[in-house]
Amino acid sequence: MLGLPAAITVCLFDLDGVLTDTASVHSAAWKQTFDEFLEARDGSGFRPFTQDDYEAHVDGEPRADGVRDFLASRGIHLAVGHPDDPPDAQTVNGVGNRKNALLMKKIHTDGVRVFDGSRRYLEAARDAGLRRFVVSSSANTSDVLGVTGLDRLVEGQIDGNTVREKNMKGKPAPDSFLAGAALAGVEPAAAVVFEDAVAGVQAGHAGHFGYVVGVNRLGDQHAADLRQHGATMVVDDLAQLLAGS
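Residues numbered from 1 in each chain as written. Predicted model: local features only at pLDDT ≥ 70, side-chain atom pairs only at ≥ 80, totals over all residues. Heavy atoms only, no water.

**Details of the sheet that holds strand E6 (residues 233-235)**
And step 1. Spatial ordering of the open sheet is given by E3-E2-E1-E4-E5-E6, a layout of six strands whose pairing is parallel. Each of the sheet's edge strands pairs with one partner strand only, and the pair in question is strand E3 (156-158) and E6. Each adjacent strand pair in this sheet contributes to an overall mean axis angle of 25°, direction not counted.
And step 2. As defined by bridge partners, strand E5 (residues 211-215) adjoins E6 across three bridges and the pair is classed as parallel. Across the sheet, residue Val 213 finds its bridge partner in E6, namely Met 233. (Pairing = 2+ DSSP bridges. Helix = DSSP H or I, 4+ residues; strand = E, 2+ residues; numbered from the N terminus. Axes fitted to C-alpha atoms, helices over the stretch in contact; angles between N-to-C directions.)

**Focus: the pairing of E5**
And step 1. Burial runs high along E5: five of the five residues are buried.
And step 2. Burial of the side chains of E5 extends over both faces: Tyr 211, Val 213 and Val 215 are buried on one face and Val 212 and Gly 214 on the other.
And step 3. In this structure, strand E4 (residues 191-195) lies alongside E5, joined through four bridges in parallel fashion. By the bridge assignment for E5, Val 193 is matched with Val 212.
And step 4. Remark: the E4/helix H9 (residues 198-206)/E5 crossover connection has right-handed handedness.
And step 5. Handedness of the crossover joining E5 and E6 through helix H10 (residues 220-228): right-handed. (Buried < 20%, exposed > 50% of the residue type's maximum accessible area, 1.4 Å probe, protein only. Right-handed = clockwise from strand over helix to strand, strands pointing away.)

**Thoughts on the pattern of salt bridges**
Pairing between side chains of opposite charge can happen when the charged atoms of each approach one another.
And step 1. Tallying each qualifying case throughout the model produces 12 salt bridges.
And step 2. Arg 217 serves as the salt-bridge partner of Asp 237, at 3.5 Å between the closest nitrogen and oxygen. Highlighted residues: Asp 237 in the loop between E6 and helix H11 (239-243) and Arg 217 in the loop between E5 and H10, separated in sequence by 20 residues.
And step 3. Classification of Asp 237 as buried rests on a relative accessible area of 19%.
And step 4. Under the relative-accessibility criterion, Arg 217 is labelled partly exposed at 27%.
And step 5. Residues participating in the shared-partner salt-bridge network are Asp 14, Lys 171 and Glu 195. (Salt bridge = Lys/Arg side-chain N within 4 Å of Asp/Glu carboxyl O.)

Written as structure tokens, this is what we have:
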């Protein structure tokens, strides 16, 4: 049904890059945050944050992990600080909160684009009786679902706030997806994971989910990376699954 094995009853969707184009908004907010941080530290000759940096250190990761991992790649180590650190604090959480403030401004000022094929797939999954949950490392999941109206098409969520409150390991660990399956009341074998990030498909594979759909929006090399790291199948858009159902 809908391009999935018959044993699948629950759909677990990553948000950014799978259902919505917030990945580009996140990327822009991360770039502005890190470039301003690096310029203040190193001067006008600083080495800018790149798309490769985003994919290698930030994409799919909890916010603090992304800050820590990227800065470590540049030989920079900050104190962790506190989750409520102000955006100007020179801590991991302060830098992360600076990025989040930029992101929220962009979300509420510019809105968020929903991939048409993903909205259609959610509607078809609802009509077919498949259960639907969002599993995202973003602490802003509720805001994005509300702004886009997707909150009416999903039953619940595991998000960055849940990850922090429950002290879960972030992707590529399977913890958040396993929590999504538990929220739905099923074993992982009965659930499909939809992910666009390599870390996400690694999490789906590590959690022994019944099916892992890689969503490739970046080109042939990324599609190959998704397959290599655990995707059962790779599509460029969820509408392809509807066409094959």
